[in-house]
Amino acid sequence: MTAVTGEAPATGSGVLGQPLDSREDPQLLRGEATYVADIDLPGTAHMAILGSPVAHARILSIETKAAEQLPGVLKVATAADFTDVMPLPCIWIPGGVESHFPPHPYGLPGARPVLTGDTVRHVGDPIAVVVAETPRQATAALAAISVEYEPLPVVTRADEALAEGAPQLHEAVPGNLNAYWTCGDKDRTDAAIAAAEVTVELDLVNQRTINSPIEPRGAVGDYNPVTGEYTLYATTQGPHNHRFLLSALVLGIPFNKLRVIAPTVGGSFGTKGYLYPDMPLVLLLSKALGRPVKWVDTRTGLMNSTVQGRDHRQHVTLAGTRDGRITAVRCTSYANLGAYPSTIGPGVATALMGRSISGMYDIDAAFCEVYAAFTNTVPLGAQRGSGRAEAAFLMERLVDRYAGEIGMDPAAVRRKNLVPKEKFPYDNGLGWTYDSGDYRLNFDKAVELSGYADMPARKAEARTRGKRLGVGLATYVAICGVGPSTRMSQEGMLGGTWESANIRVHPTGEVTVIVGSASTGQSHGTVFAQVAADELGIDPDTVQVLEGDTQKAPYGQGTYGSRSYSMAAPAVALTARKIKSKLIRAGAVFLGIPEDKVVYAGGGVHEEGNEQNAKTFAELAMSMWYGWGLPAEIEPALDETTHFDPPEFNYPFGTHVAVVEIDELTGETEVVAYTAVDDAGHIGNPKIVLGQIEGSITHGLGQALMEAAVYDEQGLLISSDLTTYALPRAADVPFFTLDKTVTPSPNNPLGAKGAGEIATVPPAAAVVNAVVDALADLGVQHIDMPLTPEKVWRRLRGEAQ
Amino acid sequence: MNGRPEQFSAQPNELLVERLRDGLGLTGTKVGCDTGQCGTCVVRLDGRSVKSCLVLTASAAGGEVATIEGETTRGGELSGLQEALRQEHGTQCGFCTPGMVMALGELVENTADREAPTEPEIREWLTGNLCRCTGYHSVVRGVQRACATARSAAGQEV
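None of the values given here were measured: they were computed from a predicted structure. (Residues numbered from 1 in each chain as written. Chains lettered and ligands numbered in written order. Predicted model: local features only at pLDDT ≥ 70, side-chain atom pairs only at ≥ 80, totals over all residues. Heavy atoms only, no water.)

The subject of this paragraph is the overall build of chain B. Of regular secondary structure, chain B possesses 5 helices and 3 strands. For chain B, the succession of helices and strands along the chain, N to C, is α-β-β-β-α-α-α-α. Scaling as 2.2 N^0.38, a compact globule of 158 residues should have a C-alpha radius of gyration of about 15 Å, and chain B matches this with 16 Å. Its C-alpha atoms put chain B at 50 × 30 × 30 Å along the principal axes. Taking the intrachain contacts of chain B between residues at least 6 apart in sequence as the baseline, contacts between residues at least 24 apart amount to 60%. Put simply, chain B shows about 6,900 Å² of open surface, and 46% of that area lies on carbon and sulfur atoms. Of note, chain B has its 15 positive side-chain charges centred 5 Å away from the centre of its 20 negative side-chain charges. (Helix = DSSP H or I, 4+ residues; strand = E, 2+ residues; numbered from the N terminus. Rg over C-alpha atoms; globule rule 2.2 N^0.38 Å. Contact = heavy atoms within 4.5 Å. Areas by Shrake-Rupley, 256 points an atom, 1.4 Å probe, with all protein chains shown as cover. Lys, Arg positive; Asp, Glu negative; His and termini not counted. Charge placed at Lys NZ, Arg CZ, Asp CG, Glu CD.)

Now the structure itself:
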């Protein structure tokens, strides 16, 4: 475990914390960045995947001959061609739960085969692939493959999948139950609820949503028969993870025979960290055909194959006193894992959600139980804010319901129950220990900034315009900084979750930083350069940042859960400190003075009290490169690496306030103002974080207002492209009012907390609270998302949900 | 094509975006949705922004097509709009960015000698382009900045 200090960031060159322009932007603005679909290796053949058109069926036969005869077709392959390939594994099995899934050869649960040969379990389940000279030829040939299906009954809801007599998805999983998982103290919670002055309950549907990065997924496989090495270019947010999973656990090839490269990746939000069948397929088919094989998904393909998010049905209860003190919270959740356990889906649906449900509140008793079930839908995975957004939603809905029940202002109830500053580190009783925070400061700032006190007057004014104005508050704590490897292993994560960085100082004084993380649009090149430059006291323009190629970068787990700045950046900072420390030791030799007289400043060293006896950073770099005159205990050159495994997670938090206006005639909900005050500890580049916060809020508003993955009773995904799945557009959102508080985390040397996706956590709760507030006089206590105009219009007319 | 003549035979069902990316290697134009919803494939045809996944190559015959590659030389100086978007960090993963630049160029150019577009007008103009990273805020600020600069250069009140 790496020792950490929790100190404020270094101020060597003062560039950390500055809103430097993103150095990635010019290339992106000129359209010159290379994404997977832009990669064109000589001799490339093109792959298309035949996905099941039905949600649940036994495959009786597959006939591929006609397809093989078509022009340009090089190969048609089915499951029978890949019998020696291991199933794709699931590596996050909720801690303490016995997995009932058939085992993978390495003792892991085997999630799914690369191609399905016997039973299809969701629309899009891959059955066969075609490789052809052109993408069009490959796609056309799919239609010539004949598959005979024997239909099986379908189930698409988790609670229904667990009912007696429900269709069974996997022989080895009786009753479709992957996991029954709990956290917190059941007896204590039940007792507190039984003894409470007031209890409120809600039945909530946290609907399934689709992350929808604008770049669909893609993969290019390139096998080199001379060296026996495989190269995979893929839309991945974790190239090292994919290398590990594919080489060791799927293909069974030596680790050093697989190179994974993440080129520019067009958004991910969780979905591109997962292992998908196309990745091993392009590699295996490249070897079989002796040519690079490329696959680029369609939008409909993405909707039917890339992991989806959220999808809980919950019964939740809150207990409290008449005067607004919350005494207990309890959640029973039915989580829909889809047809197979995705790479880390079961962990997302349980630990990430359940341990977060008490949010920013100091509650004596809390308990969460999750029934994670298989259904005939696309496998569940992470989605921007995953788990934490679902947790915040239930808690923040409950608090409003409770406030309504006891006739107290929702802001007053919240304020009364916030974890007090002096209680940190705070054990939330559900398994998380919050590192630091001043919740009241944060909350008060947001409430003040939003003009909360003026809302009654604004409501009255809105009514004169035929609008119902509502205001909704939501607070949250988001677990980030995944993570302490040992702690994650206790959660059931099969793998280390540390992060690494290498820094090499070149003879001419320029610096290269290489990290194991990989950007999906977070300007890593800019921010990590700031971190290194700040520690070393040099100009960030002289610092180059590399990542995303496993042949060049040190190991790392990648970008997910808003971890890069609180995991990879500390690794950069600690590595820079190693460089600095070595330069001080060597500087003493070069300057001919004792080490304690060496002053490191502005990247160079000088003698204390004698600035004439000095060496610049460039001079030091060259001297270290030559290595002349160095004593035996100081190695030449400047090349250091750090593996950062923090002692604990970090816990950003915040308060959001949504103001909506509902049109009395149409039921249309407009977000007219949105205030957010988030606390992500020390921030490396506020310009870049601002963009991520704004995008995150918009994403959360999307779930509240319009997004839903809709399956019909046959298990067909109705919302399978962007004409049927609504994403927020520019006219759907106003400018937001944003501010921050800064509570450094003691768990990393930058005092950083996760930032990228945290603002996706509360908006859905804030907006639904606002809409319910606007409709409260009609007796409305809850509305399920998404808040479409029709749904709201019906409630305006007194119809039941 | 970006001011240069290009001669080729197109299949009747060939889409303009396919010709640009696969035929001419102009990969700055992206494919995001296949249904004309996302706007990553926007180019300008005879000066008007169009979604090149909804245009048959044959129907563009004789027209002037401008793509993101024609906005600057490779590695070259950014246009006014691109520079404004850079300053406002109007991009994150960058996949939607070329389509946005091509769609917004028309709006910014037309503002120099007219009234500056309002925020709702900018947002309305942007509704044909989806972005999942930024939530559009920095893009809208970028357009406001670009319009102000364009008007200032044209001697208009900003």
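What follows is about the interface of chain B and chain A. Every contact between the two is made by 55 residues of chain B and, on the other side, 54 residues of chain A. Here chain B meets chain A over a buried area of about 4,400 Å², counting both sides, of which 55% is carbon and sulfur. Taken together, the connections running from chain B to chain A amount to 6 salt bridges. Residue Arg-136 of chain A pairs with Glu-18 of chain B through a salt bridge whose shortest N-O separation is 2.7 Å. The tally of links from chain B across to chain A stands at 32 residue pairs in polar contact (both at pLDDT 80 or more). Of all elements in the fold, only helix H1 (16-23), helix H2 (80-87), helix H3 (97-109), helix H4 (119-125) and helix H5 (137-153) of chain B reach the threshold of two or more residues within the side of chain B that touches chain A. At 5 residues, H5 of chain B tops the list of elements feeding residues into the side of chain B that touches chain A. Of the residues contributing to the side of chain B that touches chain A, the split by class is 17 nonpolar, 26 polar and 12 charged. (Buried area = accessible area lost by both parts, 1.4 Å probe. Salt bridge = Lys/Arg side-chain N within 4 Å of Asp/Glu carboxyl O. Polar contact = N/O pair within 3.5 Å; in protein donor to acceptor, adjacent residues only side chain to side chain. Nonpolar A, V, L, I, M, F, W, Y, C, P; charged D, E, K, R; others polar.)

Turning our attention to a nonpolar patch on the surface. Residues and elements named next belong to chain A. Residues Met-622, Trp-625, Tyr-626 and Trp-628 make up a contiguous nonpolar surface patch of about 520 Å² in total accessible area. Relative to the elements of secondary structure, Trp-625 occurs in helix H17 (residues 617-626). You can call Trp-625 exposed: its relative accessible area is 52%. (Patch = residues over 30% accessible without salt bridge, like charges linked within 9 Å, V, L, I, M, F, W, Y side chains within 5 Å. Buried < 20%, exposed > 50% of the residue type's maximum accessible area, 1.4 Å probe, protein only.)

Glancing now at the sheet that holds strand E11 (residues 218-224) of chain A. Residues and elements named next belong to chain A. An order of E3-E7-E1-E14-E11-E12-E13 is seen for the 7 strands of this open sheet, with the pairing classed as mixed. Of all the strands in the sheet, just strand E3 (73-78) and strand E13 (258-261) have a single pairing partner and so form its edges. Strand-to-strand, the axes of this sheet are offset by a mean angle of 20 degrees, without reference to chain direction. Pairing analysis gives 6 bridges linking strand E1 (residues 45-51) to strand E7 (residues 126-132), with the strands arranged antiparallel. Considered in E7, the bridge of His-46 is made with Ala-132. In the packing of helix H3 (residues 135-142) onto the sheet, contacts are made with E1, E3 and E7, and the angle to E1 comes to roughly 25 degrees. (Pairing = 2+ DSSP bridges. Axes fitted to C-alpha atoms, helices over the stretch in contact; angles between N-to-C directions.)

A word on the pattern of salt bridges. Considering all chains together, one arrives at 57 salt bridges over all chains under this definition. A salt bridge links Lys-753 of chain A to Asp-435 of chain A; the shortest N-O distance between them is 3.4 Å. Here the residue Lys-753 of chain A occupies a position in the loop between strand E30 (737-740) and helix H19 (763-774), and Asp-435 of chain A occupies one in the loop between strand E19 (433-434) and helix H12 (439-449), the gap between them amounting to 318 residues. The exposure class assigned to Lys-753 of chain A is buried, which follows from its relative accessible area of 2%. Given the relative accessible area of 8%, Asp-435 of chain A is considered buried. Several salt bridges share partner residues, and in doing so they unite Asp-21 and Lys-687 of chain A together with Glu-83 and Arg-86 of chain B into one network.

Next up on the list: the environment of Leu-20 of chain B. All names here are of chain B. Mapped onto the fold, Leu-20 is located in helix H1. Take Leu-20: its relative accessible area is 0%, and that puts it in the buried class. Between the C-alpha atoms of Leu-20 and Lys-30, which are 10 residues apart in sequence, the distance is 9.7 Å. The contact partners of Leu-20, leaving out residues within four places of it in the chain, are Met-1, Gly-25, Leu-26, Thr-29, Val-43, Ser-52, Val-65 and Thr-67.

All names here are of chain B. For H1, every residue scored as buried is listed here: Leu-16, Val-17, Arg-19, Leu-20 and Arg-21. On the buried face of H1, the contacting elements are strand E1 (42-45) and strand E3 (65-66). Positive phi appears at Gly-25, one or two residues downstream of H1, with a value of about 70 degrees.

All names here are of chain B. In this model, H3 (13 residues) spans 18 Å end to end at C-alpha, consistent with the 18 Å of a helix rising 1.5 Å per residue. At Ala-103, H3 shows its maximal kink, close to 30 degrees. Among the 13 residues that make up H3, 12 are buried, leaving the element largely enclosed by the rest of the structure. Listing the buried residues of H3 in full gives Thr-97, Pro-98, Gly-99, Met-100, Val-101, Met-102, Ala-103, Leu-104, Gly-105, Glu-106, Leu-107 and Val-108. (Expected span 1.5 Å × (residues − 1). Bend = angle between axes of the 7 residues up to and from the residue.)

Moving on, we come to the pairing of E13 of chain A. In terms of strand pairing, strand E12 (residues 229-234) of chain A meets E13 of chain A through 4 bridges, oriented parallel. Within the sheet, the bridge partner assigned to Leu-232 of chain A lies in E13 of chain A and is Val-260 of chain A.

Let us now look at the side chain of Gln-703 of chain A. Residues and elements named next belong to chain A. Its location among the elements puts Gln-703 in helix H18 (residues 686-705). Relative accessible area serves as the criterion here: at 5%, Gln-703 is assigned to the buried category. In this structure the side chain of Gln-703 is engaged in a polar contact, spanning 3.1 Å, whose partner is the side chain of Arg-310. When sequence neighbours within four positions are dropped, the list of residues in contact with Gln-703 reads Asn-206, Gln-207, Thr-209, Arg-310, Ala-764, Met-785 and Pro-786.

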